[in-house]
Amino acid sequence: MEHKSPTVGTFQVGDYVVFALLFVVSSGIGVFFAIKERKKPSSKDFLVGGRQMTCGPVALSLTASFMSAVTVIGAPSDVYRFGASYVIFGLAYTFVVFFTAELFLPVFYRSGITSTYEYLELRFGKIVRVLATLIYIVQTILYTGVVVYAPALALNQVTGFDLWGSIFATGIVCTFYCTLGGLKAVVWTDAFQMVVMVVGFLTVLIQGANRAGGIASVWSTAHTGGRIQVFDFDVNPLRRHTFWTLTVGGTFTWLGIYGVNQSTIQRCISCKTENHARWALYLNLMGLWIILFCAVISGLMMFAFYSHCDPWSAGLVSAPDQLMPYFVMEILGAFPGLPGLFVACAFSGTLSTVAASINALATVMYEDFVSQCFGDLSNRAANWISKALCVVFGVACTTMAVGASYMGGIVQAALSIHGMCGGPMLGLFSLGILFPVTNLKGAVGGLIVGISLSFWVGVGAFIYPAPSNNTRPLELSTAGCNFSITAESNQTSLTVSALSSDRYWLADSWYSMSYLYYSAVGFIGTVAAGLLITLLTGPMDPKKLKPGMTRSMKDVICFCSERFKKAGFSEGKEDLEDFGKAWEKHPDEEGVIKMETVNSSSDDQQENAYTNAAFDHNETSQGQVKL
């Protein structure tokens, strides 16, 4: 396709109206739940929705926050440059959702905890809980900064709006409805934003196929350009995207985001039953596949459209992440309102991700620090503190977006952050849940080793980018451009080539590892070091653990057992036999969690009675959790 002009249109009145409606409706949902829940001032209702959510809205919420603007903007650009192998992430998503639903969720849900890091205190001790919470806070603020910056970049590219002005607008709106309505507002706003994301993608797909000559033409052009070569079974860990990096590395990366991440687990434990939570995860998997498919097809259409005149090589955009919004403005610019719909699509993913992160950060800060220092807070005081924490973290995440502008490609930056922090965290929880012999020293030592390894490789790769023979970007052409091409477009490749001449051996080996393996490195380092230290310092007697703190692989595949079939996916009582009576929940007339007394012994770090502060710190004596 020949391109005669390097310019595209700008926003019109209709685009601003469509875009503004996203903010108005999102804020309105927060106001609605603030009014509706005004007579329920407890922190339990604010942080976990009173644990009365159903699977439908929770599933949409999980998908919307997971598929942030990193997917809407970054994934099509990745497919455009590297090919459709990105679709293999769908297999990784399947493994991730399965292990989350069958391995981690039962432990967290049946425990009655609000913060996932409460489990670590029950299993190992206070110090592990504090370390894990601090890591999670740093990880989430860094990641949220990236997903705030991404749509702001898109808006700046297509409208000329001030980049930082749009960043602050995003942060303000997210903080507003999250602070007003709590988790219920976050979940229902996410559900609305998920619909906007799908509609926005479909608009691009329909018009993109039309402008590129139809689906058959898109497929033919993408095939000729090497974009349809999905399966590459090269086992070299230095290769950026192969079948193994996307499945194995992707599973470890996303499992660190899903399986043990507070933002995900918090919405799951807000469901009224465990089966509602499990169904929410599996329904969410369908949503992940749909959004992934839309992103990949959008990338192929974009390549077909620009197969003879690449805007990045031609200097029409300054970064690959600007390709998708540029493409949208070129194909939809003549239709008032449609460019605004796409930008609303990108912002929908961001609003949902940021709001969920703010809510989760406020929850862990309150549960893991505030409630531990001030155990006698009234219910009203706890609620106001939770809201104040939402504001604080809203400001922190928005400010962090400034730093995201220096992180490079948004997909790789976002997943690298999660990999460096999420892998060791996944390893820590796995030590507690899958290995009953792990002791406190093993948990702490393993976490330190895992974090050190993952940050070593991650930071090293940031300083010494992998050479092109590992990343293998596909060929882009400017032969069809009917205008002069600036010289600036070739600076990136020249710079990389210049840097490669004086690189030392770590830069071309350890630091060149695929970014998707960062999580696996952290996980393996944490588990291996944790088990080794445990063996050297004396393994823990599994009989001293309270029931329900561990889960074997036999439990994970119990969905095939006769007992699971009898339980079904109904609203009935959960089968707790494998978890022991200590974790069986009995709500009294006030809906406060109690636990039965157990006879099993425990080590010194688990002797003290455990209280779920989000449920009882301002209740009467009946509100105390009893062991």
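Residues numbered from 1 in each chain as written. Predicted model: local features only at pLDDT ≥ 70, side-chain atom pairs only at ≥ 80, totals over all residues. Heavy atoms only, no water.

**Q** Which parts of the structure should I look at to understand the overall build of the protein?
**A** A tally of helices and strands in the protein yields 23 helices and zero strands. Looking at the protein as a whole, 59% of its 627 residues qualify as buried. Considering only contacts within the protein whose residues lie at least 6 apart along the sequence, 87% involve residues at least 24 apart. Counting every atom, the protein has about 23700 Å² of accessible surface; 65% of that belongs to carbon and sulfur. (Helix = DSSP H or I, 4+ residues; strand = E, 2+ residues; numbered from the N terminus. Buried < 20%, exposed > 50% of the residue type's maximum accessible area, 1.4 Å probe, protein only. Contact = heavy atoms within 4.5 Å. Areas by Shrake-Rupley, 256 points an atom, 1.4 Å probe, with all protein chains shown as cover.)

**Q** Can you help me understand the pattern of salt bridges in this one?
**A** In a structure, side chains of opposite charge can pair up when their charged atoms sit close to one another. Going through the model one piece at a time under the given rule, you end up with nine salt bridges. Salt-bridge contacts for aspartate 368 lead to arginine 129; the nearest nitrogen and oxygen are separated by 2.6 Å. Placement of aspartate 368 in helix H14 (residues 338-373) and of arginine 129 in helix H7 (residues 126-159) is noted, with a sequence separation of 239 residues between them. Residue classification places aspartate 368 among the buried residues on the basis of a relative accessible area of 2%. For arginine 129, a relative accessible area of 1% gives the class buried. Residues joined by salt bridges that share partners form a network here, namely Glu102, Arg110, Glu274 and Arg278. (Salt bridge = Lys/Arg side-chain N within 4 Å of Asp/Glu carboxyl O.)

**Q** Please explain helix H17 (residues 440-463) as it appears in this structure.
**A** Residues spaced three or four apart along an α-helix point in a common direction, a consequence of the helix completing one turn every 3.6 residues. Given a rise of 1.5 Å per residue, 24 residues ought to cover 34 Å, and the 35 Å separating the end C-alpha atoms of H17 matches this to within 8%. The N-cap residue of H17 is asparagine 439: its side-chain oxygen and the backbone nitrogen of lysine 441 are 3.3 Å apart. (Expected span 1.5 Å × (residues − 1). Polar contact = N/O pair within 3.5 Å; in protein donor to acceptor, adjacent residues only side chain to side chain.)

**Q** So what exactly am I meant to see when it comes to the environment of leucine 131 here?
**A** Tracing the backbone shows leucine 131 in helix H7. Through-space distance from the C-alpha of leucine 131 to that of valine 444 is 8.5 Å; in sequence the pair is 313 residues apart. Discounting chain neighbours no more than four positions away, the residues touching leucine 131 are Val444 and Leu447.

**Q** Hey, could you run me through the packing of helix H8 (residues 163-211) against helix H13 (residues 323-332) in this one?
**A** Helices that pack against each other are described as a pair by the angle of their axes relative to one another and the distance between those axes. Closest axis-to-axis distance for the H8/H13 pair is 10 Å, and the angle between their directions is 65°. Seen along the crossing, H8 lies across H13 with a hand that is left-handed. Side by side, H8 and H13 meet where Phe201, Thr203, Val204, Gln207, Gly208 and Arg211 of the first sit next to Met324, Phe327, Val328, Glu330, Ile331 and Leu332 of the second. A breakdown of the residues in the contact of H8 with H13 according to their chemical character gives seven nonpolar, three polar and two charged. (Axes fitted to C-alpha atoms, helices over the stretch in contact; angles between N-to-C directions. Left-handed = near helix turned anticlockwise from the far one by under 90°. Nonpolar A, V, L, I, M, F, W, Y, C, P; charged D, E, K, R; others polar.)

**Q** I keep staring at the state of the cysteines and nothing clicks. Help me out?
**A** Here, the word disulfide means a covalent bond between the sulfur atoms of two cysteines. Tallying each qualifying case throughout the model produces one disulfide. In this model, cysteine 309 is linked to cysteine 481 through a disulfide, with the two sulfur atoms separated by 1.9 Å. Taking the sign of the S-S torsion, about 105° here, the bridge from cysteine 309 to cysteine 481 comes out right-handed. Here the residue cysteine 309 occupies a position in the loop between helix H12 (274-305) and H13, and cysteine 481 occupies one in the loop between helix H18 (468-471) and helix H19 (491-500), the gap between them amounting to 172 residues. Here cysteine 309 falls in the buried class, since its relative accessible area comes to 2%. (Disulfide = S-S within 2.5 Å.)

**Q** Honestly, the confidence of the model for the protein in this entry has me stumped. Any pointers?
**A** Per-residue pLDDT for the protein has a mean of 78; in total, 78% of the residues score no lower than 70. At the level of individual helices and strands, the protein shows its lowest average pLDDT in helix H23 (residues 613-616), which scores 34, and its highest in helix H20 (residues 518-537), which scores 95. For the stretch residues 487-501, pLDDT sits under 50, and the model shows four contacts to residues farther than four places along the chain or on other chains. Throughout residues 560-627 the model reports pLDDT below 50, and contacts reaching past four residues in sequence, or to other chains, amount to 147 contacts. (pLDDT = per-residue confidence, 0-100.)

**Q** Quick question: what am I supposed to make of the side chain of threonine 179 here?
**A** Relative to the elements of secondary structure, threonine 179 occurs in helix H8. For threonine 179, a relative accessible area of 14% gives the class buried. Side-chain polar atoms of threonine 179 contact the backbone oxygen of threonine 175, separated by 2.6 Å. The contacts of threonine 179, once residues within four sequence positions are left out, are Phe46, Lys387, Cys390 and Val391.

**Q** Mind showing me how you'd approach helix H4 (residues 69-82) here?
**A** Over its 14 residues, H4 extends 19 Å from the first C-alpha to the last, a length consistent with the 20 Å expected when each residue adds 1.5 Å. Looking one or two places after H4, you find glycine 83, whose phi comes out positive at around 105°.

**Q** Mind showing me how you'd approach the nonpolar core here?
**A** Where a protein is soluble and globular, its nonpolar side chains tend to be buried together. Counting residues in hydrophobic clusters, the biggest one holds 164 residues, and the most contacted among them are Phe89, Tyr93, Phe104, Tyr119, Leu120 and Phe429. In terms of residues, this core owes the most to one element, H14, which gives 17 residues. Phenylalanine 429 has contacts with Phe104, Phe108, Thr116, Tyr117, Tyr119, Leu120 and Val260, leaving out every residue within four places of it along the chain. (Core = buried A, V, L, I, M, F, W, Y, C linked by side-chain atoms within 4.5 Å.)

**Q** Any chance you could explain the packing of aromatic side chains here in plain terms?
**A** Counted by the stated rule, this structure contains 25 aromatic pairs. By way of ring pairs, the aromatic residues Phe108, Tyr117, Tyr119, Tyr136 and Phe429 are connected into one cluster. Here arginine 240 stacks its cationic end above the ring of phenylalanine 82, 4.1 Å away from the centre of that ring. (Phe/Tyr/Trp six-rings, centres within 6.5 Å; stacked < 30°, edge-to-face > 60°. Lys NZ or Arg CZ within 6 Å of the ring centre and 35° of its normal.)

**Q** Whenever I open this one, the packing of H4 against H13 confuses me. Can you help?
**A** Here H4 crosses H13 at 95°, and the two axes come no closer than 8 Å. As far as their axial angle goes, H13 and H4 are roughly perpendicular. For the pair H4 and H13, the contacting residues are Val72, Ile73, Pro76, Ser77 and Tyr80 in the first and Leu323, Met324 and Pro325 in the second. Classifying every residue of the contact of H4 with H13 gives seven nonpolar, one polar and no charged. (Parallel < 35°, antiparallel > 145°, perpendicular 65-115°, else oblique.)

**Q** Help me out: how do you make sense of the environment of glycine 480 in this one?
**A** The topology assignment puts glycine 480 in the loop between H18 and H19. Residue classification places glycine 480 among the buried residues on the basis of a relative accessible area of 14%. Residues glycine 480 and aspartate 310, 170 residues apart in the sequence, show an inter-C-alpha distance of 8.8 Å.

**Q** Any chance you could explain a nonpolar patch on the surface here in plain terms?
**A** A surface patch of nonpolar side chains, about 520 Å² in accessible area, is lined by Phe231, Phe233, Val235, Trp244 and Val248. Mapped onto the secondary structure, tryptophan 244 falls in helix H10 (residues 243-258). (Patch = residues over 30% accessible without salt bridge, like charges linked within 9 Å, V, L, I, M, F, W, Y side chains within 5 Å.)

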